[in-house]
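If you want the building blocks of each chain, they are given just below.
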Amino acid sequence: MNTAESRIYRAAVALALWWCALYTRDVDGRISEARRSELESDLFEQGRWSAESGMRPARAAALVVGRSLRGMIADLLWRRTALSETWGDHYPSWARARRVDGVAAAVGVLAAACVTAWGSFVLLRAVVAAASGEIAWGSPTFIALVAYTGAAACGTVLLLRRRTRALGAIWMVLPSAALVHLGLYQLFSLSATVGVLRNAVPLWGSAEGLTMAGIGALFLAGAIRWWPAADRARPSAGAS
Amino acid sequence: MVKRRPGRLLPLEVTILEAGLRVQAEEDSFYGFALVRRIAEREGGPQIGHGTLYRALSRLTTAGFLDATWEEPEVAEADGRPRRRLYRVTGEGEGALSAEWSALRAEAAAAATSAAPARRGVVLP
């Protein structure tokens with residue numbers, strides 16, 4: 001199969017174009033269209049070059065994703081300039097509200113991804129320890145870790161879509177609080193560092209409780225913000 | 001992030017203008033990915049990020065150092081690909097690049113002069 005037509009390369013291109021659609025949002029149509037067309041041309045040329053040089057699809061896709069990631073800060077700086085060219089000092093209130101919504105969604109998704117990553121990390125440590133016989137397979141803590149990490153991954157996916165964002169935020173309250181507690185509990189028996197910290201840091205228990213409450217409150221606040229009724233109460237986009 | 005000194009080009013801008021002049025000598029004009037390929041072949045390292053490249057190209061075009069035009073749709077259609085945005089380094093761009101080279105040479109000479117007395121005091125084995 002041609003590298004440029006492979007599923008993985010097309011996914012990388014879709015990701016780059018999705019990011020482009022995101023950072024060109026609310027920018028003047030001519031400016032954003034020019035940026036998008038130039039990027040489409042670039043991605044096509046890169047696909048053709050990858051195919052001609054016999055590159056593996058996964059490698060070609062990694063190059064595209066790498067280029068997107070490396071250019072993200074410049075994209076955001078470009079957006080700032082393009083927005084000021086588009087709106088000057090009169091940035092409309094609906095666009096501002098949408099920007100706040102976007103930042104809130106990004107914070108929610110990032111927090112959920114961090115919780116999932118934390119759960120996966122502890123789970124990996126537990127699997128390695130169980131494989132070497134340090135702890136038993138299938139302990140209640142281990143099973144709870146698997147269940148809550150899976151639930152956190154589902155919550156992250158739900159948070160990604162606007163329509164399921166409120167559900168995702170409510171969904172995340174329990175696994176996020178549970179994974180903070182369970183993760184630290186499991187690492188206490190696996191990691192010397194956590195053991196030392198737990199004994200040396202004053203108010204460790206209070207800090208753990210505050211973290212659980214804080215992260216739970218963050219997702220609860222998100223659920224209230226994205227609740228469908230609250231969404232309907234807000235003025236529709238386009239009304240300034 | 002590299003800070004711009006007044007009246008000077010950023011290292012990436014120098015790289016783009018140099019690579020652009022080389023490609024343009026062979027093919028009359030250049031487009032984004034042709035530049036990426038040329039720079040990666042010459043300098044090694046990872047390919048330039050999309051955002052980094054197109055923001056720099058846009059800056060150089062606004063400054064008048066590059067001339068940008070969209071390719072004719074028929075040409076792109078005949079080749080079965082999207083339209084390219086074609087760039088050419090302008091005379092002003094060549095002048096800015098020459099001025100930057102001169103400034104870099106002067107800086108290197110000044111650095112060598114200021115380092116010389118210190119070096120004289122060192123007794124080499």
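Everything quoted here is computed from the prediction, not taken from an experiment.

Novice: Which residues make up the overall build of chain B, and what values do they have?
Specialist: Within chain B, the secondary structure is distributed over five helices and two strands. Helices and strands appear in chain B in the N-to-C order α-α-α-β-α-β-α. The proportion of buried residues among the 125 residues of chain B is 38%. If you take every contact in chain B between residues at least 6 apart in sequence, the share linking residues at least 24 apart comes to 52%. Approximately 7,200 Å² of chain B is accessible, and the part contributed by carbon and sulfur atoms is 56%.

Novice: Tell me about a nonpolar patch on the surface, residues and numbers included.
Specialist: A cluster of nonpolar side chains, contributed by Leu15(A), Trp18(A) and Leu22(A), occupies part of the molecular surface with about 310 Å² of accessible area. Along the chain, the position of Leu22(A) falls in helix α1 (residues 7–23).

Novice: So what's going on with the interface of chain A and chain B? Residues and values would help.
Specialist: On the side of chain B, 25 residues touch chain A, which itself brings 25 residues to the contact. Taking both sides of the interface into account, the surface hidden between chain A and chain B amounts to around 2,200 Å²; carbon and sulfur atoms contribute 58%. If you sort the residues of chain A by the area they bury against chain B, Glu38(A), Glu45(A) and Arg67(A) come out on top, with a joint share of 29%. The interface formed by chain A and chain B holds three salt bridges in total.

Novice: So, the nonpolar core: which residues are in play, and what are the values?
Specialist: Considering soluble globular proteins, one finds that nonpolar side chains tend to be buried as a cluster. Counting 48 residues, the largest nonpolar core has Ile16(B), Leu17(B), Leu35(B), Leu53(B), Leu57(B) and Leu66(B) as the members making the most contacts within it. Per-element accounting of this core gives the leading share, eight residues, to α1(A).

Novice: Describe the environment of Gly150(A), listing the residues and the values that go with them.
Specialist: Residue and element names in this part refer to chain A. With respect to the helices and strands, Gly150 occurs in helix α6 (residues 140–160). Overall, the relative accessible area of 33% leaves Gly150 in the partly exposed class. Taking the C-alpha atoms as reference points, Gly150 and Pro175, 25 residues apart in sequence, are found 8.9 Å from one another.

Novice: How would you sum up the confidence of the model for chain B? Please name residues and give values.
Specialist: All names here are of chain B. When pLDDT is averaged along chain B, the result is 89, and 90% of the positions lie at 70 or above. The lowest-confidence element of chain B is helix α5 (residues 91–120), averaging 85 in pLDDT; the highest-confidence one is strand β2 (residues 85–89), averaging 97. Confidence metrics for the complex model read pTM 0.66 and ipTM 0.84.

Novice: Outline the environment of Val115(A), listing residues and values.
Specialist: Residues and elements named next belong to chain A. Along the chain, Val115 falls in helix α5 (residues 93–131). For Val115, a relative accessible area of 6% translates into the label buried. Here the alpha-carbon distance between Val115 and Ser176, two residues 61 residues apart in the chain, equals 6.0 Å.

Novice: Explain the pattern of salt bridges residue by residue, including any values.
Specialist: Across all of its chains, the model carries 15 salt bridges over all chains by this definition. For Asp42(A), the salt bridge goes to Arg67(A), with nearest N and O atoms at 2.8 Å. In this pair, Asp42(A) is assigned in helix α2 (residues 29–52) and Arg67(A) in helix α3 (residues 57–70), connecting sequence segments 25 residues apart. The partner of Glu45(A) in a salt bridge is Arg84(B), and the shortest N-O contact between them spans 2.7 Å. Here Glu45(A) is found in helix α2, whereas its partner Arg84(B) is found in the loop between α4 (73–78) and β2 on a different chain. Each of the two residues, Glu45(A) as well as Arg84(B), counts as buried. Among the charged side chains, a salt-bridge network with shared partners connects Arg48(A), Glu71(B), Asp79(B) and Arg81(B).

Novice: With reference to specific residues and values, describe the side chain of Arg84(B).
Specialist: On the basis of relative accessibility, which here comes to 14%, the residue Arg84(B) falls in the buried class. In this structure the side chain of Arg84(B) is engaged in a polar contact, spanning 2.7 Å, whose partner is the side chain of Glu45(A). Reaching out from Arg84(B), the side chain makes a polar contact with the side chain of Tyr31(B) at a distance of 3.4 Å. Residues contacting Arg84(B), with those up to four places away along its chain left out, are Ser41(A), Glu45(A), Tyr31(B), Thr69(B), Trp70(B) and Glu71(B).

Novice: Could you give me a rundown of the packing of α1(A) against α3(A), with the residues and numbers involved?
Specialist: Residues and elements named next belong to chain A. It is at 8 Å that the axes of α1 and α3 come closest, and there the two elements cross at 10°. Considering their axes alone, α1 and α3 lie roughly parallel with respect to each other. Between α1 and α3, the contacting residues are Ile8, Tyr9, Ala12, Val13, Leu15 and Ala16 on the first element and Pro57, Ala58, Ala60, Ala61, Val64, Val65 and Ser68 on the second. Considering only residue class, the contact of α1 with α3 consists of twelve nonpolar, one polar and no charged.

What counts as what
Residues numbered from 1 in each chain as written. Chains lettered and ligands numbered in written order. Predicted model: local features only at pLDDT ≥ 70, side-chain atom pairs only at ≥ 80, totals over all residues. Heavy atoms only, no water. Helix = DSSP H or I, 4+ residues; strand = E, 2+ residues; numbered from the N terminus. Buried < 20%, exposed > 50% of the residue type's maximum accessible area, 1.4 Å probe, protein only. Contact = heavy atoms within 4.5 Å. Areas by Shrake-Rupley, 256 points an atom, 1.4 Å probe, with all protein chains shown as cover. Patch = residues over 30% accessible without salt bridge, like charges linked within 9 Å, V, L, I, M, F, W, Y side chains within 5 Å. Salt bridge = Lys/Arg side-chain N within 4 Å of Asp/Glu carboxyl O. Buried area = accessible area lost by both parts, 1.4 Å probe. Core = buried A, V, L, I, M, F, W, Y, C linked by side-chain atoms within 4.5 Å. pLDDT = per-residue confidence, 0-100. Polar contact = N/O pair within 3.5 Å; in protein donor to acceptor, adjacent residues only side chain to side chain. Axes fitted to C-alpha atoms, helices over the stretch in contact; angles between N-to-C directions. Parallel < 35°, antiparallel > 145°, perpendicular 65-115°, else oblique. Nonpolar A, V, L, I, M, F, W, Y, C, P; charged D, E, K, R; others polar.

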